[in-house]
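Residue-level structure breakdown
As a plain string of letters, each chain reads:
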Amino acid sequence: MHKRDIYPQVARSLLAEELEQERIVRLAVTGDSMAPLIRRGDTVVVKRLGSMPGTPGEILVFEEGGDYLTHRLVACSAGGWLTKGDALFTLDNPVDPQRVLGRVVAVERGGRERRLDGAAWQRRGRWIAALGRLQSGLARRWLSLCTRGDAERKPRLVRMLARAFAAGFRVAIRILSGCPVFNL
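A quick note: this is a predicted structure, and the numbers were derived from the prediction, not measured.

Opposite charge on two side chains permits them to pair, given that their charged atoms come into close proximity. A complete count under the given rule lists eight salt bridges for this structure. Linking arginine 26 and glutamate 108 is a salt bridge whose minimum nitrogen-to-oxygen distance equals 2.9 Å. Separated by 82 residues along the polypeptide, arginine 26 in strand 1 (residues 25-28) and glutamate 108 in strand 6 (residues 100-109) bring together distant segments of the chain. Where arginine 99 meets glutamate 64, a salt bridge forms, and the shortest distance between an N and an O atom there is 2.6 Å. One end of the pair, arginine 99, is in the loop between strand 5 (80-84) and strand 6; the other, glutamate 64, is in strand 3 (residues 59-64), with 35 residues separating them in the sequence.

Dropping the structure here:
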């Protein structure tokens, strides 16, 4: 086993141990899949999931292919939990609840902390999760429309409609996230 293979395993083990001991863990965000609420360079504050099951709308940290993803739980199914990045169009592969390390309770940016564990944020999270499910369903339908029918006209019209709906979803998610709407 190479050193580069050992370091991620050690980090995973230490992170799981910290969360298991009910400690709060801070993780740096390296992507923009949860923008505008969570952006690259932010720090997320993570607490252990504990005995309470995840509820749609919560933002979870889970392991996927050796990386840690911070995405919103949009639904629970028998095949696993369905998650999605707020800035993405499609759902992630179902997540086994055993791979979930914890829930995000706050986001730190520029020396300020935004708590996400209050009742108002939980309601907003549920709305964003519902929008995410709707958006991913529409994205699947748009893709299927693009692959059949008139090869020239239909895809262009479908792409135009998809862009219009996507812009509407972005605005709705920005409003629910408490972020400026005109900074798209």
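Following the structure, the description resumes.
It is worth spelling out the nonpolar core at this point. A general trend in soluble globular proteins is that nonpolar side chains are found buried together. Within the largest apolar cluster, 13 residues are counted, with the highest numbers of intra-cluster contacts made by Leu37, Ile38, Val44, Ile59, Val104 and Leu116. Listed by contribution, the elements that provide at least two residues to this core are strand 2 (43-48), strand 3 and strand 6. When residues of this core are assigned to their parent elements, the largest contribution, three residues, is made by strand 6. Setting aside residues up to four positions removed in sequence, valine 104 forms contacts with Val44, Val45, Val46, Ile59, Val61, Thr70 and Leu116. Leu60, Leu73, Trp81 and Val100 belong to the second-largest nonpolar core, a separate cluster that totals seven residues.

Attention now moves to the environment of proline 94. By the secondary structure assignment, proline 94 is in the loop between strand 5 and strand 6. When its relative accessible area of 43% is taken as the criterion, proline 94 is described as partly exposed. Sequence spacing of proline 94 and serine 77 is 17 residues, and the spatial spacing of their C-alpha atoms is 8.5 Å. Setting aside its immediate chain neighbours within four residues, proline 94 contacts Gly79, Gly80, Trp81, Leu82 and Arg99.

Let's shift gears to the pairing of strand 5. Strand 5 sits mainly inside the fold: four of its five residues count as buried. Counting the residues that bridge the hairpin from strand 4 (residues 67-77) to strand 5 gives two residues.

So, about the confidence of the model for the chain. Predicted confidence across the chain gives a mean pLDDT of 81, with 78% of residues reaching 70 or more. Taken together, the stretch residues 1-6 has pLDDT below 50 and engages in two contacts with residues farther than four places along the chain or on a different chain.

Criteria and thresholds
- Residues numbered from 1 in each chain as written.
- Predicted model: local features only at pLDDT ≥ 70, side-chain atom pairs only at ≥ 80, totals over all residues.
- Heavy atoms only, no water.
- Salt bridge = Lys/Arg side-chain N within 4 Å of Asp/Glu carboxyl O.
- Helix = DSSP H or I, 4+ residues; strand = E, 2+ residues; numbered from the N terminus.
- Core = buried A, V, L, I, M, F, W, Y, C linked by side-chain atoms within 4.5 Å.
- Buried < 20%, exposed > 50% of the residue type's maximum accessible area, 1.4 Å probe, protein only.
- Contact = heavy atoms within 4.5 Å.
- Pairing = 2+ DSSP bridges.
- pLDDT = per-residue confidence, 0-100.

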